[in-house]
Amino acid sequence: METQRPKDAQQPDFSALLLRVEEILGGAGPLVDRLAALCSLLRGAAPHYDWVGFYLVESPGWLALGPFCGAPTGHVHIPFGLGVCGQAAQRAETLVVQDIARESNYLACSVEVRAEIVVPLLREGEVLGELDIDSHRLAPFTPADRAFLETVAARVARLMT
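To keep things clear, this report deals only with the structure shown in the data block. (Residues numbered from 1 in each chain as written. Predicted model: local features only at pLDDT ≥ 70, side-chain atom pairs only at ≥ 80, totals over all residues. Heavy atoms only, no water.)

**Let's talk about the sheet that holds strand β6 (residues 126-135)**
Right, on to step 1. The six strands are arranged β3-β2-β1-β6-β5-β4 in an open sheet whose pairing can be described as antiparallel. Two strands close off the open sheet at either side, each with one partner strand: β3 (77-79) and β4 (95-97). Between one strand axis and the next, the sheet turns through 25° on average, direction left out of account.
Right, on to step 2. Across six bridges, strand β1 (residues 51-59) lies against β6 in antiparallel orientation. From the neighbouring strand, Y55 faces β6, where its bridge partner is E130. (Pairing = 2+ DSSP bridges. Helix = DSSP H or I, 4+ residues; strand = E, 2+ residues; numbered from the N terminus. Axes fitted to C-alpha atoms, helices over the stretch in contact; angles between N-to-C directions.)

This is how it looks when you write it as structure tokens:
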């Protein structure tokens, strides 16, 4: 169940962020470099975005770690269905886990992680990858976070070949 952040928490200006996202994605250079810049932007955009990264489909049924910003992770290859990332890919839907301690199929990336949102990169129903954000706070993700991140993921998916 999604819950709201406390009213005193800073809500990012998602409209301004989306303009920056468009600038980054519309820029020159390899897509992987633009995704890395996007990770950096998003990680700095909200105090509850502690790890931001992309997992990309490397072969049928498998995700591979792409650009990310945050602590290193040992999970560089994840099969569909395993963990929150694998479940989001298998289901082709956004998953919001407000308390990872309640998730039986969680792959621990860091002892500090308390919550996670994973948004698939979809084109015509096909999963091309996903945007993964970990938080060190319990229940930090709002419906506004989800809507914004789903918009970002849709924009990224349009650029993927």
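**What to know about helix α4 (residues 143-159)**
Right, on to step 1. End to end, α4 covers 25 Å across 17 residues, agreeing with the expected 24 Å (1.5 Å per residue, within 8%).
Right, on to step 2. Within the span of α4, buried status applies to D145, F148, L149, V152, A153, V156 and A157.
Right, on to step 3. Summarising the contacts, the buried residues of α4 are in contact with α1 (14-25), α2 (31-45), β1, β5 (115-123) and β6. (Expected span 1.5 Å × (residues − 1). Buried < 20%, exposed > 50% of the residue type's maximum accessible area, 1.4 Å probe, protein only. Contact = heavy atoms within 4.5 Å.)

**Overview of the side chain of Q98**
Right, on to step 1. Mapped onto the elements, Q98 comes out in the loop between β4 and β5.
Right, on to step 2. A residue is classified by how much of its surface remains accessible, and Q98, at 9% relative accessible area, is buried.
Right, on to step 3. A distance of 2.6 Å separates a polar atom in the side chain of Q98 from the backbone oxygen of F141. (Polar contact = N/O pair within 3.5 Å; in protein donor to acceptor, adjacent residues only side chain to side chain.)

**Details of the pairing of β6**
Right, on to step 1. Of all ten residues that make up β6, nine are buried, and the element is covered over most of its length.
Right, on to step 2. Note that β5 and β6 share nine bridges and pair antiparallel. The residue bridging L121 from the neighbouring strand is G129, located in β6.
Right, on to step 3. Counting the residues in the hairpin turn of β5 and β6 gives two residues, including E124, whose phi is positive at 55°.

**Description of the side chain of D132**
Right, on to step 1. Relative to the helices and strands, D132 is located in strand β6.
Right, on to step 2. One buried charge, D132, has no salt-bridge partner; the nearest side chain with opposite charge is R43, at 12 Å.
Right, on to step 3. Leave out the neighbours within four places in its chain, and D132 touches W51, V52, G53, Y55, C85, E116, I117 and V118. (Lys, Arg positive; Asp, Glu negative; His and termini not counted. Salt bridge = Lys/Arg side-chain N within 4 Å of Asp/Glu carboxyl O.)

**Some remarks on the packing of aromatic side chains**
Right, on to step 1. The full count for this structure, using the stated rule, is four aromatic pairs.
Right, on to step 2. Ring plane angle 20° and centroid distance 5.5 Å describe the contact between W51 and F68, whose orientation is recorded as stacked. You can see W51 sitting in strand β1 and its partner F68 sitting in strand β2 (residues 62-69), a full 17 residues away along the chain.
Right, on to step 3. Members of the aromatic cluster, joined through ring pairs, are W51, Y55 and F68. (Phe/Tyr/Trp six-rings, centres within 6.5 Å; stacked < 30°, edge-to-face > 60°.)

**Points about the pairing of β1**
Right, on to step 1. Judged from the six bridges that link them, β1 and β2 form a sheet pairing that is antiparallel. What sits directly across from V57, in β2, is L63.
Right, on to step 2. Remark: two residues form the turn of the hairpin made by β1 and β2, two consecutive strands paired antiparallel; G61 in that turn has positive phi of roughly 85°.

**Quick word on the nonpolar core**
Right, on to step 1. Core analysis: the biggest nonpolar cluster contains 30 residues, and L38, Y49, F54, L121, F148, L149 and V156 have the highest contact counts within it.
Right, on to step 2. Mapped onto this core, the elements with two or more residues apiece are α1, α2, β1, β5, β6 and α4. (Core = buried A, V, L, I, M, F, W, Y, C linked by side-chain atoms within 4.5 Å.)

Interpretation in functional terms is not warranted from these geometric data alone.
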